[in-house]
Every structure is written in C-alpha cells, then in structure tokens.
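# A look at the structure
In case you want the letters, here they are:
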Amino acid sequence: MNLTINIGKLKLKNPVMTASGTFGYGEEYSEFVDLNKLGAIVVKGISIKPKEGNPPPRICETSCGMLNSIGLQNMGVKEFLKTKLPYIRKYDTKLIVNILGNTIQEYVKLSGTLDDAGVDGIELNVSCPNVKKGGMLFGTDKKMLGKLIRTVRNNVKNSTLITKLSPNVSDIREFAKVAEESGSDAISLINTIPGMAINIKTRKPKIANMIGGLSGPAIKPIAVRMVYEAYTAVKIPIIGIGGIMNYEDAIEFMLAGATAVAAGTANFVNPVATLDIIKGIESFMKENNIMDLKELTGGLRC
Amino acid sequence: MNLTINIGKLKLKNPVMTASGTFGYGEEYSEFVDLNKLGAIVVKGISIKPKEGNPPPRICETSCGMLNSIGLQNMGVKEFLKTKLPYIRKYDTKLIVNILGNTIQEYVKLSGTLDDAGVDGIELNVSCPNVKKGGMLFGTDKKMLGKLIRTVRNNVKNSTLITKLSPNVSDIREFAKVAEESGSDAISLINTIPGMAINIKTRKPKIANMIGGLSGPAIKPIAVRMVYEAYTAVKIPIIGIGGIMNYEDAIEFMLAGATAVAAGTANFVNPVATLDIIKGIESFMKENNIMDLKELTGGLRC
Amino acid sequence: MSKYLIAEIKDNRPVNKNHNLLVLDSPGIPETPSPGQFYMVGIEGTNDPLLKRPFSLFREGNGEIHFLYRIKGKGTGLLRQMEKGEKVSLLGPLGNGYPLPPKNITPLLIAGGIGIASLFPLAAKLSDSAILFYGGRTGDELLMLDELKGMVKELIISTDNGSAGKKGTVIDVLNIFLTSNSQLLTSNLLLYACGPSPMLEAVSRVASEKGIKGYISTEGNMACGVGACLSCAVNTKKGYKRVCKEGPVFAIEEIVW
Amino acid sequence: MSKYLIAEIKDNRPVNKNHNLLVLDSPGIPETPSPGQFYMVGIEGTNDPLLKRPFSLFREGNGEIHFLYRIKGKGTGLLRQMEKGEKVSLLGPLGNGYPLPPKNITPLLIAGGIGIASLFPLAAKLSDSAILFYGGRTGDELLMLDELKGMVKELIISTDNGSAGKKGTVIDVLNIFLTSNSQLLTSNLLLYACGPSPMLEAVSRVASEKGIKGYISTEGNMACGVGACLSCAVNTKKGYKRVCKEGPVFAIEEIVW
Ligand SMILES: Cc1cc2nc3c(=O)[nH]c(=O)nc-3n(C[C@H](O)[C@H](O)[C@H](O)COP(=O)(O)OP(=O)(O)OC[C@H]3O[C@@H](n4cnc5c(N)ncnc54)[C@H](O)[C@@H]3O)c2cc1C
Ligand SMILES: Cc1cc2nc3c(=O)[nH]c(=O)nc-3n(C[C@H](O)[C@H](O)[C@H](O)COP(=O)(O)OP(=O)(O)OC[C@H]3O[C@@H](n4cnc5c(N)ncnc54)[C@H](O)[C@@H]3O)c2cc1C
Ligand SMILES: Cc1cc2nc3c(=O)[nH]c(=O)nc-3n(C[C@H](O)[C@H](O)[C@H](O)COP(=O)(O)O)c2cc1C
Ligand SMILES: Cc1cc2nc3c(=O)[nH]c(=O)nc-3n(C[C@H](O)[C@H](O)[C@H](O)COP(=O)(O)O)c2cc1C
Ligand code: FES
Ligand code: FES
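Only a predicted model underlies this, so the values are computations on that prediction, with no experimental measurement involved. (Residues numbered from 1 in each chain as written. Chains lettered and ligands numbered in written order. Predicted model: local features only at pLDDT ≥ 70, side-chain atom pairs only at ≥ 80, totals over all residues. Heavy atoms only, no water.)

Moving on, we come to the relation of the copies chain B and chain A. Between the two copies, chain B and chain A, the superposition gives an RMSD of 0.1 Å; the rotation angle is 180° and the shift along the axis is 0.0 Å. On the angle and the small slide along the axis, the relation comes out as a two-fold axis. For chain B, the smallest separation between a C-alpha atom and the rotation axis is recorded for A218 of chain B, amounting to 2.4 Å. Comparing interface residues between copies, 100% of those in chain B also sit at the interface in chain A, which points to an isologous, same-surface contact. (Least-squares fit on C-alpha atoms with pLDDT ≥ 70 in both. Contact = heavy atoms within 4.5 Å.)

What follows is the structure, encoded as structure tokens:
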C-alpha cells in the first residue's frame, strides 16, 4: 500500500499535513502527536520582523466554525531559524514554512533566507484577511499575484514553492492558473473566509479586529468546490484545506482533486486528528483495495 | 414600540421576511404561520416560462448548513399570476417576487409584467447565468449588473426594486454601490455560496448538479460581514440574509447594518421561525427600551 | 391538518443492534394519521445536525406516537443517545398515506429493511387480510416479527444470506410466490411496497410485467417536509413531484425510474 | 504531561439552578494536576458546539476528575443534558496552577461567582490556612458552602443584594477586611483571585494600592488549549502571553489591564 505523494520535488510519506497557524511550531502538539508520522508540518506564518498580533478577543466560535484574527503574531524569521527549525529537524517529517509580507521584497527576502536554511517547502500566504496591509491584495489581484510568485520563484532554488490561494475571489480557477503559470510548484487552498460576529448584548464585534477568518467544518463545502474547480484548471498538485475533521473529509478532498490535505481547526477539536486521518486513510485503502493513494486524486465520478 | 421599517416606497409592519425559495408561495406554510404577521413574503424565483428544475438528489446536509440545487424549478410567471398572486393577496402582508432570467430582456419582461400586476416588490436574482455572455453570472460582473439594473429600473414603475447580491465576489461594497447607482431601491444579501459535497462510498457528488448553494448557520459570519461592508458603502436599505435562525441572529444583522432580514433555511428547521423571530425582536426591544427598531440598524459599536 | 410541536420522549429503546423504537408524547397532535404518512423529527439545541429527519408513522394511540428507526448516520446516531424526558421537535403528519384496497382484493405488502416501519401500521389496519413479504440482509435485522405474525394473513420472510426465512431478496420471493400462485388473478392483487430504491424499482418491474397495480412509498432528501423547498423531487410521468407533498406514496406506474 | 482521552461520565448532577457538577472517569489521566490547572472538555458526535470548553480542576482522586460548571451558553447547555454513561473528550491537565504560598504567609483567596471552581482545590490544599472571600450575585448562587467552611480558616461571603453574607461585591468586602485588619503586614499576605474580568481588574488595583502580591487566574477565548493557536492572548508587561500555556495563573502585577 503506497501512501506517498509528491508535491513538486518533495516526497511526502503520506498526504496529511497540518494547516498553518493551527499547529504552532509542532512542539506544542508533540505531547500528543508523534511528529514523525506526519506527511509534513506547515508552521505558523512567519514574517521578517516579529509581530505582536492583535488585541484579544482573537477568536470566537460560530456554528460549526470559528473566526480568528490572531493578527499574524510571530517571532520573526531570525528567532524561528534559531529555535524552531532545529527542533522540527529532529523529526523525520517535512517542514513547510508559511510566509507573509507586506511587499514583494519582503516575500523575496524571507523566502530566500528560508531556502538557504534548507526548509523543504515555502508556502506563500497571500490571503491572510487579518492585517489591513497584509496579503489581501496579492491574493485577490491576478496581476500582483503573478508578479509576486514570479519574483519569489527566481529566488527560491531548492525549496518547493506553494501558493496558498484566497477563497475570496469569484473564480478560483483563474488564480490557480496564475499560480501555475508563474512557477508555483503547487497550490494550497483554501485559506479562511472573511467573516464577522456581533455580541448583541454589548453591540460589539465578538473579536477585537472586527473581521476574522472563518474556518472549520462550516466552510468545507466551499473548500471542496474550490479544490474541484482548481483541479479542472491546473496540473500542479493541490493541497486541500478547509474543515477537514476526519479521514472521510480528507478522502472527499482527494476525490475532488487534492493530492494532499491539511487539517487546521480539527487539531483544536481533536489533538490527534492528523494521526486519526492517516490511520483512517490506511483502513479506507485496505477496505477498498486501493494500492496507491494517487488513484484517489480527482477520482470523482460525475 | 415601532417595528415598521421602509424599503424604498414599501412600508413593512415588521422587518421579518421569508427568503426566496424557502417558503414556497406562502401557502405551504400557512398551516403553521399566520401569514398576516409577516413583514413580507418573498416567493420562490419566477421565470417567464415554467422550469422543470434539476434531477434529484437536489439537496444534502453539510455541517450546520445545506447545499441545494433546485435548478430554479417554477411554474412560470403566467401561472403564478393566475393562482399564487390571488392567494397571497388575501393576506395583509407585502409580496416580493424573486425573478430570474437568462437575458436582460427576460428580466425586463418579467419585471414589467409583475409591476403591472401590482406586486409590492421585485427582487432581482442575479446569480443566474447570462446566456448571451457565455453563462457568466450577472451577479459577479459589475458592468453587466449595472446594465441589468438600469434597464429593469426604467420599466418598473410602482414596485420596489431590490437587487439580491451574490456573495461570490472579492469586494461586496463595489457591487452594492453598482446596485445603488443603477437605481435599485434596496439590496438583499447574501444569496447562497457555491459549494460541493462528495459521497466517498459512491465517489459521486451528493447532489446531482454537482455544485449547489450553501445556506444555513454555517454561512452566517460571512453574511454578517458582507452586510456590514455593504452598509459602509451605500445608503439604500439592506435586507440581511444568511443563516438567520432566531431573533438574536436577526438583531446581529441589524446591528451590522440591515434594515430588514429574511429567514431561509430556518423555516425548514423550525416552521414558525419567522414568527419566533418577530416575537423575539419585540421582547428584545422591550427589555432594552428600544422604542423604534430603526435605532438598531448599523448600531454596531466598534 | 398537520402540526408543529415540541414533544417529550417517553421511551427510546433499542429493538436490536442498529434499530430503535422512539416513543413520543403527542398530546398536541390533532388528528389521526394514516399509514404511510410521515413526520419530521428534529434534534434541538444544536445546528449540527441541522435539518429534521423524516420518519414514517409506525404506531400511534393513547397520546403517543411511535417511530421505528434504523441508526444510519449523524442524525439517528444522536437521536439514539437521547433519553426519556428529553425533547425533540415534531412536524406532522405529512404527505399522503397508502390508499386502502377495495373489498375482495388481496393486498401484498413488500417491505425491505426499515421499510417495515411504514407498512407496519398498514398491516395492522388491513387486519389479517394482507400477505406480507418482509426481507432483510440477515435474520437479526428483521424487526417486530411476533407482532407482525399476529397482524397478517401470511408472513413470508426472506434474508439475503438465508439466516432466516427464505434465502434471497424479497423480490425473488415475491416472484416465486406469484408464479406458484398463478391461480390468483393479478387484478385481485394490490401491491404496497416500501424499502430501498433498488427494491422499489424491482417491484415496479414486477408490477408492470405481471400487470399488477399498487403503491410504493418513495424516499427523497428532504428539507422542509411541507412542499415549500422543492428538495424532494421524484421523477414521475407528469414531471417532478414532491415526495413530501404529493407522496411519499405514489401509484407504482406513476414513477419514472 | 497532559493527555487526551475519551472519558465516561460517572455523574452530572445539578448543584443549583444553573450550576452542575460533572464527574468523569479518568483512568488514563497520568499525573496529579495542581489547583489552578484546567482541562478542555469536548462534546462528541456534533460539530456544533465545535471547540472544547475550558474548565478548572475542581477536585480529583479515586480515578475521577470533578468539574464544577455554570450553565452559560450552548456548550454548557448541551453538557448539562448529558447523562451517566455518555462520553466526553478530555484534554489536560493544562496550563500552570497557583504557586503555593511560602510558610507564615496568609493566603487570601478571592472568588467571584464560578471562580470558586478554580480556588476550591487550592483552599483544600492550603488546609485551614486560607481566608476565603467568596462573592456572588445572590445567595442561591453560592456553591459548596458547607465543604468550604471545613476547608478554610475563615469564610467571608458576600452578595450583591445582601441575600447572604455581607452586602456588596467581594472587593468591597476585601477592602473593609484589609482596612479593619491593618495590623496584618501586607508582606505577610498573598492574594489568589479567580472570577470575572472586572473583578480581577479590581483585585489588581487593590493589590497595587496596598502593595500586596499575589496571583490571578485569567480567562480568554481558547481554541487549542495547548499553546499552538495564539487565540488566548492576554496582555502582560512583556507583551501578549497565552492564557493556556503561560497562564491561566499569572502574578498580579504581570497583567496589563
Ligand atoms: C418519507 C420517509 C419516511 C422514512 N421513514 C423512516 C422510518 O420510519 N424509519 C427509518 O429508520 N428511516 C426512515 N426514513 C429514512 C430516514 O429519514 C433516514 O434514514 C434518516 O434521515 C437518516 O438520517 P441520519 O442523519 O442518521 O443519516 P445521514 O446519512 O447522516 O443523513 C444525512 C442527510 O441525508 C438524509 N437522508 C439520509 N438517508 C435518507 C433516506 N433514506 N431518505 C431520505 N433522506 C435521507 C438525512 O435526512 C439527512 O438530511 C424515511 C425517509 C423518508 C423520506
Ligand atoms: C482557564 C479557564 C478555566 C475555566 N474554568 C471554569 C470552571 O471551572 N467552571 C465554569 O463554569 N467555567 C469555567 N470557565 C469558563 C468556561 O470555559 C465558559 O463558561 C464556557 O466555555 C462557556 O461555554 P458555553 O458554550 O456554555 O458558552 P458560550 O458563551 O455559548 O460559548 C461561546 C464560546 O465562548 C467561549 N467562552 C464563553 N465564556 C467564556 C469564558 N468565561 N472564558 C473563556 N471562554 C469562554 C466558549 O468556550 C466558546 O468557545 C473557565 C474558563 C477558562 C479560560
Ligand atoms: C487560529 C488560526 C490561525 C491561522 N494562521 C494562519 C497563518 O498564519 N497562515 C496561513 O496561511 N493560514 C493560517 N490559518 C488558516 C489555516 O491554515 C487554514 O487555511 C484554515 O483554517 C482552513 O482550514 P481549517 O478549516 O481546517 O481550519 C489560520 C487558521 C486558524 C484557525
Ligand atoms: C432550497 C432553497 C431554494 C432557494 N431558492 C432561491 C431562489 O429561487 N431565488 C433566490 O434568490 N434565492 C434562493 N435561495 C437562497 C435563499 O433565498 C437565501 O438567500 C439563502 O438560502 C441564504 O439564507 P439562509 O441561510 O437563511 O437560507 C434558495 C435557498 C434554498 C435553501
Ligand atoms: S422537502 Fe421541501 S418540498 Fe419536499
Ligand atoms: S488556546 Fe490556543 S494558544 Fe491558547
């Protein structure tokens, strides 16, 4: 039984990753999850300088989902390379670093530094809805997105380059194509969907930043649809994300066209969700006599 | 205590409507709901000719939501005017007719006919494919949307004209502005969000049309955010729709900027949801010493 | 007239590994429902599951309504965990039940799996005149056999693996019955079937081949249950009809497969 | 070491109108938790509620863990309905508990409302040395008074409406106590507070005015509970810290209000 999959030059032992921002730097979950078992760890978005993040409350629960506006709090790339990279390197898994910048130059500098440091993959976060001058523009403007990816591409030699698409567009196929044509090795989708919730007693927004990103099972049907649409538009591998809680959800995304999947909010609901998904996929393959997982990708019957 | 609100020339006894397609032609729910109590009834989308609709399965449940692809099944405007209009007219409530066409001319003809027949409001469902423009949606192209509204506007004399916006756009404010500038008396939002679900056993889509519209509590945070954004962009009244299940949800939409609200999927979960919402709003006003409901609209404290 | 109310659970007991009997207090339910009609049952306090689930009238009386249900997915999985005293929402009775047979006509009831829930009250009403074909995958899956025996003229059970009754599908057994009872005039028979779609399709084939009339209770994914949302379309000779409103029971020949 | 497991409910009984005591079987929980630590409790079988809810360790021993909880919203509303034999998921113990006072220091425990849940095991551990200020809105809201009396040196209760104990907030009562016991050296006192945010802020003010040191248990909307998601930020003199990881207990002077 073969669970390995390829994302660009990267070979993963299985298709299950952690979604950026939901698994810290791996360490936080290491008490519960044998990190060696994961296909890849995608870490929290990193910027050049450390970021303080938004004031609390930063999250609230919604029906079958949650809104978050962490505000890209992170320790900065320097500290990351010093303390977190060596930690994850102790494990036999791939490391993908999610990065964010306010200018193309910041993305170039960050990706160059990380590429030199030998990380396995770099995921461009071009869609984070949390910071006013953040990735928002790149993710919803085809021209800027193309330019960003092309420039970063020229500076990344060894790491696999993944573009994480924003769901906040009318036609995801067009953005998937831009990513492919501009040299991205793969795309991941979806990032959170901008949303808002109001406390009717205080009349205040439930999260301090007012608008946050919606994640969790609530968004799964939207994510599956977008993965399917992107799959009809591009040939590069797709990492499916959005409300994946269990192995059934993971397989649903693969049938829609995903080569790999990432669990985000699921980690909060079940700290061993990633392991349960891997085990579940294995049993599913056994029961259905599937020898190679790759058969599942795009296996939807219309 | 004043619960009346105005949408264009239309004065509603209270702000609670039914969302198009979820309340049939009123008759279906009349066993449970005293239709006289509703602010307005928005009926299922009507086209010029009858439409058969999509093959089953037409819906499936998702986490805190549902996908539907009814395929615009309806009896056509002629039959509607003959049998359904007289029925609703027996009640002391306002009638808003949701209309759909594949060309601007179809919208013009439909709205003209309905305006002549004296319906109180016409709601343009612009999430329909424009056959002339290769199936592009009126609702996601600003130019086409503007042209559609302007042309319809010139032909609608007495009815209040409402444009129902598609959530499938990067910036809802721009579309809200187009509606306002083109002469729409009000906007309603949001329509369903395209989504998909796959049965992993059969590998088939869970609804026959593959892609359907996501509705229900799952989408509420997205809808509240869009109502808020639209409210910051236009002065015409906003009818808030999307996952409203109870009076708390209704008030949340009003605080975000809605003048009125419509309950859709809620009717399926609780056939008297609309009445419960009206009662709940009344108690809320009493408890909070709110004399005029209009105070709530846009009352968010940032 | 159907009604919407919050009903208290009086009992919710397993009848076998994956089926439960739900007993609801129904003081407010206004009229006597007919066999073949159904109710929508909703779990309160959460939006997941969101929609109500349709269940056929199984039995009613003494201010109670009973449902026999199979634990299938999320909704019935949660329903099974509910206990006496907890509440569910209840909408019904809905749809059209089985038209009763004219005098001197022998009703043949064909139940596949949990389809028995809907035919059980019909069998009761037909007091001793019906022949019931009841098929399941295995013997343990067959429910309420003792009660059924007392209700029908003849109970013919079958299982896919032969672990109880005849081995084969309920359709196999029906065909054998019709062949070996060829003295029965098909015009003196009336079919009533409820079960999974493939079974209903097979029943329809038998009916048209042998020229027997009858009724089937169809299924469809439902949202509203009252005819408003057009979710539950079933294809008929006259176009799409609503399972919840024009159905769930249709004349066999109406349905287009 | 904390652990994740599915735990069976052994009891879930009301202690008053809107508070319950939840008793879980915890055979797999590895180590003894400290007062002030907490667990994340999750309802299975539905995604609504989605996230686990944080509850302080109330009591443990004999393979059981007890939580005292207030019925607040959707999650606790559903939790209340669960019965013996049903299961919840349990993650913990998490975070840092209350550092114990050095010898000869008098611990003043200040509990507002359900804040008592977290201070109860501390009071038990401090065996008879603590003075507990326990305030609620009304007398019926005060919980476990009999047990508490046996645990602390002095129990001073207060209610907003005067229906039990002194009339006023727990802060009013604390202030009066400090004024009328001015013989107590503030350096011989240590505050431990848990309750709603405005109360904690008031405690901090008292602490800084009087120069008393101590600890408060903070709250924050949590998703992961293990330090991974950065949801539960609380503003401290050294920037945002995580309630679930660096907290929930912080030295009073650390927190920026
Ligand atoms: C008119 C009618 C009468 C019925 N009577 C009974 C009965 O008496 N006893 C019984 O056990 N079952 C009956 N069913 C089937 C029953 O409604 C489903 O088994 C149940 O809805 C499954 O819900 P779930 O959440 O456990 O399953 P899931 O598969 O998780 O449900 C997901 C969604 O699919 C729908 N769905 C799943 N299976 C069916 C189905 N077979 N028919 C229609 N919708 C379905 C659910 O309602 C829900 O919206 C009846 C169905 C209909 C249409
Ligand atoms: C470290 C810690 C320990 C706690 N210990 C206890 C305890 O022992 N007993 C007890 O009754 N309560 C305790 N609480 C508060 C308890 O977690 C909330 O009352 C509970 O989460 C409410 O859930 P709900 O679904 O009923 O309410 P809702 O208001 O419907 O919850 C909505 C969301 O807000 C969150 N939330 C609501 N209130 C709070 C709150 N006060 N703090 C943090 N998150 C909140 C919920 O977790 C949920 O994500 C503790 C909170 C924290 C942070
Ligand atoms: C608390 C939180 C923090 C997140 N931080 C990031 C981030 O730093 N970078 C990023 O690209 N996505 C971030 N995301 C988005 C997730 O990686 C993922 O795309 C999204 O949550 C949808 O997946 P899910 O439904 O499985 O959670 C974050 C999500 C959450 C819930
Ligand atoms: C079954 C169904 C049918 C619908 N039909 C229409 C329609 O004909 N025209 C329209 O504009 N919107 C239609 N809608 C969208 C609703 O009016 C509403 O915008 C959407 O469902 C979101 O609201 P909700 O979450 O309260 O259901 C339909 C929705 C559902 C669920
Ligand atoms: S379920 Fe709504 S029309 Fe049948
Ligand atoms: S709850 Fe996730 S970091 Fe504290």
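Neighbouring ligand 2 are 20 residues, the closest being P54, R70, G75, T76 and E219 of chain D. Surrounding ligand 2 are residues belonging to chains A and D, so the site spans chains. At 2.7 Å, a backbone N or O of R70 of chain D approaches an oxygen atom of ligand 2. The protein chains hide 85% of the 820 Å² of surface that ligand 2 would expose on its own. (Near = heavy atom within 4 Å. Polar contact = N/O pair within 3.5 Å; in protein donor to acceptor, adjacent residues only side chain to side chain. Areas by Shrake-Rupley, 256 points an atom, 1.4 Å probe, with all protein chains shown as cover.)

Of the transformation placing chain D onto chain C, the axial shift is 0.0 Å and the rotation is 180°, giving an RMSD of 0.0 Å. Most of the interface of chain D is mirrored in chain C, where 100% of its interface residues are also at the interface.

What follows covers the site of ligand 3. Residues and elements named next belong to chain A. As a structural note, the neighbourhood of ligand 3 is formed by 22 residues, with S20, N98, K164, G243 and T265 the closest of them. At 2.7 Å, a side-chain N or O of K164 approaches an oxygen atom of ligand 3. Within the side chain of N191, a nitrogen or oxygen atom sits 3.5 Å from an oxygen atom of ligand 3. Relative to its unbound accessible surface of 610 Å², ligand 3 loses 98% to contact with the protein. Class assignment of the residues belonging to the shell around ligand 3 gives a composition of five nonpolar, 15 polar and two charged. (Nonpolar A, V, L, I, M, F, W, Y, C, P; charged D, E, K, R; others polar.)

With that settled, consider the packing of aromatic side chains. Applying the stated criterion across every chain yields a total of 24 aromatic pairs over all chains. Arranged with centres 6.4 Å apart and planes meeting at 55°, the rings of Y247 of chain A and F284 of chain A form a pair that is tilted. You can see Y247 of chain A sitting in helix α7 (residues 247-256) and its partner F284 of chain A sitting in helix α9 (residues 273-287), a full 37 residues away along the chain. A relative accessible area of 7% places F284 of chain A in the buried class. Relative to F80 of chain B, the ring of Y25 of chain B lies with its centre 5.9 Å away and its plane at 45°, an arrangement referred to as tilted. Of this pair, Y25 of chain B sits in the loop between β3 (16-18) and β4 (40-46) while F80 of chain B sits in helix α1 (residues 76-89), placing them 55 residues apart in sequence. Of the two residues examined, Y25 of chain B and F80 of chain B, each falls in the buried class. A cation over an aromatic ring shows up here: K142 of chain A above the ring of F175 of chain A, its NZ or CZ 6.0 Å from the ring centre. (Phe/Tyr/Trp six-rings, centres within 6.5 Å; stacked < 30°, edge-to-face > 60°. Helix = DSSP H or I, 4+ residues; strand = E, 2+ residues; numbered from the N terminus. Buried < 20%, exposed > 50% of the residue type's maximum accessible area, 1.4 Å probe, protein only. Lys NZ or Arg CZ within 6 Å of the ring centre and 35° of its normal.)

For the rest of this paragraph, the subject is the state of the cysteines. Applying the stated rule across the entire model yields one disulfide over all chains. The side chain of C64 of chain A participates in a disulfide bridge whose partner is C64 of chain B; the two sulfur atoms lie 2.3 Å from each other. Torsion about the S-S bond of the C64 of chain A and C64 of chain B cystine: about 60°, corresponding to right-handed handedness. Here C64 of chain B lies in the loop between β5 (59-62) and β6 (65-68) and C64 of chain A lies in the loop between β5 (59-62) and β6 (65-68), a pairing that spans two chains. Free cysteine: C194 of chain D, not disulfide-bonded; nearest cysteine sulfur from C232 of chain D at 15 Å. (Disulfide = S-S within 2.5 Å.)

Contacts between the two partners involve nine residues from chain D, matched on the other side by nine residues from chain C. Together, the buried faces of chain D and chain C total about 770 Å²; carbon and sulfur atoms form 34% of this surface. Taken as a group, D48, E83 and E86 of chain D account for 41% of the area that chain D buries against chain C, more than any other trio of residues on that side. Across the contact surface, chain D and chain C share zero salt bridges. Residues that form the side of chain D that touches chain C fall into these classes: one nonpolar, four polar and four charged. (Buried area = accessible area lost by both parts, 1.4 Å probe. Salt bridge = Lys/Arg side-chain N within 4 Å of Asp/Glu carboxyl O.)

Let's shift gears to α1 of chain B. Residues and elements named next belong to chain B. With 14 residues, α1 ought to run about 20 Å at 1.5 Å a step, and its terminal C-alpha atoms sit 18 Å apart, in line with that. Looking only at α1, the buried set comprises G76, V77, F80, K84, L85, Y87 and I88. Structurally, α1 contributes buried residues whose contacts are with β4, β7 (94-99) and α2 (104-116). (Expected span 1.5 Å × (residues − 1).)

Let's shift gears to α2 of chain B. Working note: α-helix, 3.6 residues per turn, so residues spaced by three or four point in the same direction. Residues and elements named next belong to chain B. Given a rise of 1.5 Å per residue, 13 residues ought to cover 18 Å, and the 18 Å separating the end C-alpha atoms of α2 matches this to within 8%. For α2, every residue scored as buried is listed here: I104, Y107, V108, L110, S111, G112, L114 and D115. Where α2 is buried, its residues touch β4, α1, β7, β8 (121-125) and α3 (142-155). Downstream of α2 by one or two residues, G118 has phi in the positive range, about 85°.

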